[in-house]
Amino acid sequence: EQFYLLAGVILFACPRRIFLGAAAVTALSVVVKVATTLVGLHLEGIVFDGRWLLIAAGILAYHRINYATVNQTRAIYALLILGVLGAGQPRELLTVEPNHAIERFVAYGFALFICLLYPYDKRISGWKILAPLTISGQMSYSIYLMHPLVTKGISHGAFLAGWTNPWVTCLVIVPACLVASLALSLVF
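The rules behind each value
- Residues numbered from 1 in each chain as written.
- Predicted model: local features only at pLDDT ≥ 70, side-chain atom pairs only at ≥ 80, totals over all residues.
- Heavy atoms only, no water.
- Axes fitted to C-alpha atoms, helices over the stretch in contact; angles between N-to-C directions.
- Helix = DSSP H or I, 4+ residues; strand = E, 2+ residues; numbered from the N terminus.
- Parallel < 35°, antiparallel > 145°, perpendicular 65-115°, else oblique.
- Left-handed = near helix turned anticlockwise from the far one by under 90°.
- Contact = heavy atoms within 4.5 Å.
- Nonpolar A, V, L, I, M, F, W, Y, C, P; charged D, E, K, R; others polar.
- Salt bridge = Lys/Arg side-chain N within 4 Å of Asp/Glu carboxyl O.
- Buried < 20%, exposed > 50% of the residue type's maximum accessible area, 1.4 Å probe, protein only.

(A) Inspection of the packing of helix α3 (residues 52-66) against helix α4 (residues 70-85) at higher detail. It is the contact of α3 with α4, at a shortest axis distance of 10 Å, that shows an interaxial angle of 155°. As far as their axial angle goes, α4 and α3 are roughly antiparallel. For α3 against α4, the interelement crossing comes out left-handed. For the pair α3 and α4, contact is made by Ala57, Leu60, His63 and Arg64 and by Gln72, Thr73, Ile76, Tyr77, Leu79 and Leu80, respectively. Across the contact of α3 with α4, the residue classes break down as six nonpolar, three polar and one charged.

(B) Layout of the pattern of salt bridges. Inspection of the entire model under this criterion finds three salt bridges. A salt bridge links Arg51 to Asp49, with the nearest nitrogen and oxygen atoms 2.7 Å apart. By relative accessible area, which is 4% here, Asp49 ends up buried. Here Glu103 makes a salt bridge to Arg51, at a shortest N to O gap of 2.9 Å. Taken together, the residues span a long stretch of sequence, with Glu103 in helix α6 (residues 100-117) and Arg51 in the loop between α2 (18-38) and α3 at a distance of 52 residues.

Here it is in structure tokens:
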């Protein structure tokens, strides 16, 4: 919700300078994160807890693919590579528990990955083996809207029925959630 609110503010405040507005929010996010860290205040759960930078990685990738000049492209690659390298210590990245380091590593790495693969997009999208992914991509918004309802319903029902074994979860519940989500999303 916070992303949508900030995106709305950016669109309203500077409709012709969206990337400049996003850069300003990114700079503000860094200042707030550094300042709150220095005073020992934790803003967990607020977009300014550092998570706006994950969104900024996606904005950089979008700008790179659609608008960036050669020099801007180099700067974007440099920022994303610095983001990947500075995401966290290897111990943080290899832990099982979710943490900001893993989130940053994945966000910056994925943004860099899609920027680098974009020139090959047409060729890759023609591969027959990726046809199911293409279909999923075409209905991605339906999946986004439907999967939480379907997955929560199936997984909670299974939990209430006592199906809490990790193997049952992996081999029965997850596939059931996946099939049901995709089927309902296709209809939706």
